[in-house]
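Letter by letter, the chains look like this.
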Protein chains: 2
Amino acid sequence: MKFEVVTIKDIAKALNLSTSTVSRALRGSYEISPETKKLVLEYAERMNYRPNPIALSLKEQRSRAIGVVVSEIANNFFSQAIAGIESIAYNRGYHVIITQSHESKERELVNIQHLVSRSVDGLLISLSSETSDLSYLQQLYEKGFPVVLFDRISNQIDTHKVTADNYMGAFHATEHLIYQGFKRIAHITSSTHLSITRERLQGYKDALAKHHIAVNENLIKYCNHGGMMIDEVEVAVEDLFRPKIKPDAIFTAGDRLSTICLGIIKQKQGAIRKAGFIGFTNTNLADLFSPPVSVVRQPAFEIGQSATELLTSMIESKRPVTTFETKVLPTNLIIRESSLQQQD
Amino acid sequence: MKFEVVTIKDIAKALNLSTSTVSRALRGSYEISPETKKLVLEYAERMNYRPNPIALSLKEQRSRAIGVVVSEIANNFFSQAIAGIESIAYNRGYHVIITQSHESKERELVNIQHLVSRSVDGLLISLSSETSDLSYLQQLYEKGFPVVLFDRISNQIDTHKVTADNYMGAFHATEHLIYQGFKRIAHITSSTHLSITRERLQGYKDALAKHHIAVNENLIKYCNHGGMMIDEVEVAVEDLFRPKIKPDAIFTAGDRLSTICLGIIKQKQGAIRKAGFIGFTNTNLADLFSPPVSVVRQPAFEIGQSATELLTSMIESKRPVTTFETKVLPTNLIIRESSLQQQD
DNA sequence: ATGAAAGCGCTAACAC
DNA sequence: GTGTTAGCGCTTTCAT
């Protein structure tokens, strides 16, 4: 069952022209006489003709659509990044198709394959926390398929990349805690497969080192599902606070991790409540928390925009692109109550 | 530039068969000899053959994909609903294409047209707050195109619909405030174009009526952009608290509206702080707020699931579907501190 | 059991 | 300036 859409053929028949003439008239070819052109255009308008993008994709092997793969749209960072992606894509004439990997490498692969076979013209990817083997993506990129990595990137692939300055973001957050007088700063982060994990971890460690605080591996907890499983975070927090000597501050490395961790802390009350807290998150609600929460905020919208600009320029480039850039955008340290030393 | 994908033609050539034989072998037709079948299947496997979905869509006028149009994915209700949609769609073999209207009726229309012309097999729509004229959608539905409305529905179209019980949700929220002793309960809501606005408003009014409290139109504020524009909400809150006699409680009718409103209240301090508060929102962070915020929570995931089940059954139905159901799922009133009467 | 050919909607090289 | 034709990848009728 099809929904009676007008095709070029219908117009041609109605106007006693050939399909090619109609096609040419529609796209304003100079070879067509003004009268015919007018005739066709008006009729098409009247019949509400719309070119069939599927036929176009099949013919031209392109779709004027770009595919996006993120782990989770219910994540402030990603929904803001997607807004940035759409803002650029739409006024360059691209549609945006959003898919989620839910931090699963299989799902990520399925999504990528589906998007590619649907002839998206390029891909914007933030890797799942499970992904360590990028060979599939690598093959794609070697065949010249335009891919831009953002947020969670990888050096296994040589292409354009856009991320926040995770290292400095973590460094400044940690240093801020140190300046506040915290001594035993815990770090809760996700899988070390992720570039963002490694960068933030390094920033944390280097800040400690700068201030002559020894890194204590017991104060670093890895939640490999990045907050997708609450239990994992709960165990991490419990582990952190079980020993006699407890951390006096927590620094979390991700959106979900931060909010889940705050929830657990709130629930557990007691000693934990008193620890300082700062986390990477793009929530707009941090102000509303009790206490208001200090955060490292990423320029999510701008990251989305920048990645999309690079992608569309790759797509539209005549010659294969061979030199790539990695854009690193500064993060924003927003200090609220949660990371201040309490005077009691 | 295409990415060297194997086509049926390639296989046919390599195996000295016709494309039709290969096609049939691939789909396991009984007319093909076991040997040929085996040969083809193995070769296809080896070459990593994947049918081209675009060609299939063009041929079959269907795509095994469903389109989703929501106002904003950066909204807890919608991202949860989308998770529900995906959970059903994927194991019925459908892909999900997500688009956002950003509460703009033009954008909504563009998205719908794009999805339809891309041959999605059906549409899951939550209307934008600007949408009042559904004639385009109506045409679609009259041609037999499967559409299911969810959350923000309309009686202009006779099809399957799934929503939360907005009326009762609002009724109970309001009644709860009344039981707490609040007398001047304000209601901040969005455009009356939206079904959810009207239903929640009615629930609010009826609860007041039941308890013999006169409805005061000055206590009802309409933010036509549903919280997309902060200013609008700010003006509403200011209007509410400018008069000498101020409201003693606020009941907000939407996700964004609720959180923005809380932000404004927090910022303004003073008298407003003391008002009771409850709002429709699906945020998981309400517990973390100060004070913890009472909410009306919608079964977003289940709404998404249910809508998708109805849609796929419509898509797969042999005969045109003529009787439709409207599913109404109960909301969940979660009482925390913000809506309790303070004893001071 | 297999092949040839048409057709889904569109464009473009090649006539005339 | 306009028409004819082939082809994008696939399925399917119709021959054989």
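Residues numbered from 1 in each chain as written. Chains lettered and ligands numbered in written order. Predicted model: local features only at pLDDT ≥ 70, side-chain atom pairs only at ≥ 80, totals over all residues. Heavy atoms only, no water.

Chain A appears in an unreviewed UniProt entry as LacI family transcriptional regulator from Chitinophaga skermanii.

**Considering the overall build of chain A**
Convention followed: For helices the rule is a DSSP run of H or I covering at least 4 residues; for strands it is a run of E covering at least 2, with both sets numbered from the N terminus onward. For the radius of gyration, the atoms used are the C-alpha atoms, and the globule rule reads 2.2 Å times the number of residues raised to 0.38. Burial classes: relative accessible area under 20% of the type maximum marks a residue as buried, over 50% as exposed, and values in between as partly exposed (1.4 Å probe, protein chains only). By the convention used here, residues are in contact when the closest approach between their heavy atoms is within 4.5 Å. Here, Shrake-Rupley sampling with a 1.4 Å probe gives the accessible areas, and only protein chains in the shown set may cover a residue. Here the positive residues are Lys and Arg and the negative ones are Asp and Glu; neither His nor the chain ends is included. Lys charges are placed at NZ, Arg charges at CZ, Asp charges at CG and Glu charges at CD.
Helix and strand content of chain A: 13 helices and twelve strands. Relative to the 2.2 N^0.38 estimate, which gives 20 Å for 344 residues, the radius of gyration of chain A is 26 Å and therefore markedly larger than a compact globule would have. Summarising its shape, the C-alpha atoms of chain A cover approximately 90 × 40 × 35 Å along the three principal directions. Within chain A, the fraction of its 344 residues that count as buried is 53%. Long-range contacts, defined as pairs at least 24 residues apart, comprise 71% of the intrachain contacts of chain A with a sequence gap of at least 6. When the accessible surface of chain A is split by element, carbon and sulfur atoms take 51% of a total near 15400 Å². Taking the 39 positively charged and 37 negatively charged side chains of chain A as two groups, their mean positions are separated by 2 Å.

**Some details on the relation of the copies chain A and chain B**
Convention followed: Residues reaching a pLDDT of at least 70 in both copies supply the C-alpha atoms on which the copies are superposed by least squares.
Placing chain A over chain B gives an RMSD of 0.3 Å and needs a rotation angle of 180°, together with 0.2 Å of translation along the axis. Seen this way, the second copy is the image of the first under a two-fold rotation axis. Of the residues that chain A buries at the interface, 98% are likewise interface residues in chain B, meaning the two copies contact each other through the same surface.

**Focus on the interface of chain A and chain B**
Rules: A simple way to read buried area is as the amount of 1.4 Å-probe accessible surface that goes missing from two parts once joined, with both sides added. Any carboxyl oxygen of Asp or Glu within 4 Å of a side-chain nitrogen of Lys or Arg constitutes a salt bridge here. Gly is placed with the polar residues, together with every amino acid not listed as nonpolar (Ala, Val, Leu, Ile, Met, Phe, Trp, Tyr, Cys and Pro) or charged (Asp, Glu, Lys and Arg).
Each side of the interface is counted separately: chain A has 46 residues, and chain B has 46 residues. In total, chain A and chain B occlude about 4500 Å² of area from one another, counting both sides; carbon and sulfur atoms represent 62% of this. Seen at the junction of chain A and chain B, the total is zero salt bridges. Among the secondary structure elements, those contributing two or more residues to the side of chain A that touches chain B are helix 4 (53-60), helix 5 (76-91), strand 2 (95-100), helix 6 (105-117) and helix 11 (255-268) of chain A. A class-by-class count of the residues in the side of chain A that touches chain B yields 20 nonpolar, 17 polar and nine charged.

**Digging into the side chain of Glu86(B)**
The topology assignment puts Glu86(B) in helix 5 (residues 76-91). Although Glu86(B) is buried, it makes no salt bridge; Arg107(A) carries the closest opposite charge, 4.0 Å away.

**Topic: the protein's contact with DNA strand D**
The cut-off we apply is this: Each residue is tested against the molecule or strand, and it is near if at least one of its non-hydrogen atoms lies within 4 Å. The definition of a polar contact used here is a pair of N or O atoms within 3.5 Å, where within protein one atom must be able to donate a hydrogen and the other to accept one, and adjacent residues in sequence count solely through side-chain atom pairs.
Taken together, 27 residues sit near DNA strand D, with Ser20(A), Thr21(A), Arg24(A), Lys59(A) and Ile8(B) positioned nearest. A breakdown of the atoms of DNA strand D within 4 Å of the protein gives sugar and phosphate a share of 59%. Taking Lys59(A), its side chain carries an N or O atom lying 2.7 Å from a base nitrogen of DNA strand D. Ser23(B) places a side-chain nitrogen or oxygen 2.8 Å from a phosphate oxygen of DNA strand D. Where the surface near DNA strand D is concerned, the elements lending two or more residues are helix 2 (19-26) and helix 4 of chain A together with helix 1 (8-15), helix 2 (19-26) and helix 4 (53-60) of chain B.

**With respect to the sheet that holds strand 10 (residues 294-297) of chain A**
Residue and element names in this part refer to chain A. Which entries qualify depends on this criterion: In this description, strands pair whenever DSSP reports at least two bridges between them. Each axis is a line fitted through C-alpha atoms, taken for helices only over the stretch in contact, and angles between the N-to-C directions span 0 to 180 degrees.
As summarised here, the arrangement of the six strands in space is 7-6-8-9-10-12, forming an open sheet in which the pairing is mixed. Both edges of this open sheet fall to strand 7 (220-223) and strand 12 (332-334), since each of them pairs with a single strand only. Pairs of neighbouring strands in the sheet enclose a mean axial angle of 15°, with direction left out of account. Pairing geometry for strand 10 and strand 12, over three bridges, is antiparallel. Paired with Val295 across the bridge in strand 12 is Ile334. Against the sheet, helix 10 (residues 230-241) contacts strand 6 (185-190), strand 7 and strand 8 (249-252), and its axis sits at roughly 170° relative to strand 7.

**Brief notes about helix 5 of chain A**
All names here are of chain A. Counted only if it meets this: Helices are assigned an expected span. That span is 1.5 Å times one less than the residue count.
End to end, helix 5 covers 23 Å across 16 residues, agreeing with the expected 22 Å (1.5 Å per residue, within 8%). Of all the residues in helix 5, the buried ones are Phe77, Phe78, Ser79, Gln80, Ala81, Ile82, Gly84, Ile85, Glu86, Ile88 and Ala89. Immediately beyond the C-terminal end of helix 5, within one or two residues, lies Gly93, with a positive phi of roughly 85°.

**Some remarks on a nonpolar patch on the surface**
As a reminder, the rule being used: Like charges within 9 Å and nonpolar side chains (Val, Leu, Ile, Met, Phe, Trp, Tyr) within 5 Å are joined into patches, using only residues over 30% in relative accessible area that form no salt bridge.
Taken together, the side chains of Leu333(B), Ile335(B) and Leu340(B) present a nonpolar region at the surface, about 220 Å² in accessible area. With respect to the helices and strands, Leu340(B) occurs in the segment after strand 12 (332-334).

**Regarding the pairing of strand 10 (residues 294-297) of chain B**
Summarising the sheet, strand 9 (residues 276-280) of chain B and strand 10 of chain B pair through three bridges and their orientation is parallel. Bridging from a neighbouring strand, Gly279(B) pairs with Val295(B) of strand 10 of chain B.

**Things to note about the pairing of strand 1 (residues 65-70) of chain B**
Residues in a regular strand project their side chains so that they alternate between the two faces of the sheet. All names here are of chain B. How we decide: Orient the strands so they point away from the viewer; a crossover is then right-handed if the path from the first strand over the helix to the second runs clockwise.
Of all six residues making up strand 1, six are buried, and the element is well covered by its neighbours. Alternating positions in strand 1 separate into two faces, Ala65, Gly67 and Val69 on one and Ile66, Val68 and Val70 on the other, with burial throughout. Here strand 1 pairs with strand 2 (residues 95-100) via six bridges, running parallel. Each residue of the ladder has a partner; that of Val68, found in strand 2, is Ile98. The parallel pair strand 1 and strand 2 is bridged by helix 5, and the resulting crossover is right-handed.

**What about the protein's contact with DNA strand C?**
Every one of the 27 residues lining DNA strand C counts as a neighbour, but Ile8(A), Ser23(A), Tyr49(A), Thr21(B) and Lys59(B) are closest to it. Across the atoms of DNA strand C situated within 4 Å of the protein, the share located in sugar and phosphate is 65%. The contact in question runs from a phosphate oxygen of DNA strand C to an N or O atom on the side chain of Thr21(B), over 2.5 Å. In the environment of DNA strand C, a phosphate oxygen lies 3.1 Å from a nitrogen or oxygen atom belonging to the backbone of Ser33(B). Of the residues that constitute the surface near DNA strand C, the class distribution is eight nonpolar, eleven polar and eight charged.

**Quick look at the pattern of salt bridges**
All names here are of chain B. Following the criterion strictly, the structure yields 26 salt bridges over all chains and no others. A salt bridge links Glu103 to Arg152; the nearest nitrogen and oxygen atoms lie 2.9 Å apart. Here Glu103 is found in the loop between strand 2 and helix 6 (105-117), whereas its partner Arg152 is found in the loop between strand 4 (147-150) and strand 5 (161-164), with 49 residues between them in sequence. We classify Arg152 as buried; its relative accessible area is 8%. Note that Lys105 and Glu130 form a salt bridge whose closest N and O atoms lie 4.0 Å from each other. Of the two residues, Lys105 is situated in helix 6 and Glu130 in the loop between strand 3 (122-125) and helix 7 (135-142); the sequence distance between them amounts to 25 residues. The exposure class of Glu130 is partly exposed, given its relative accessible area of 27%.

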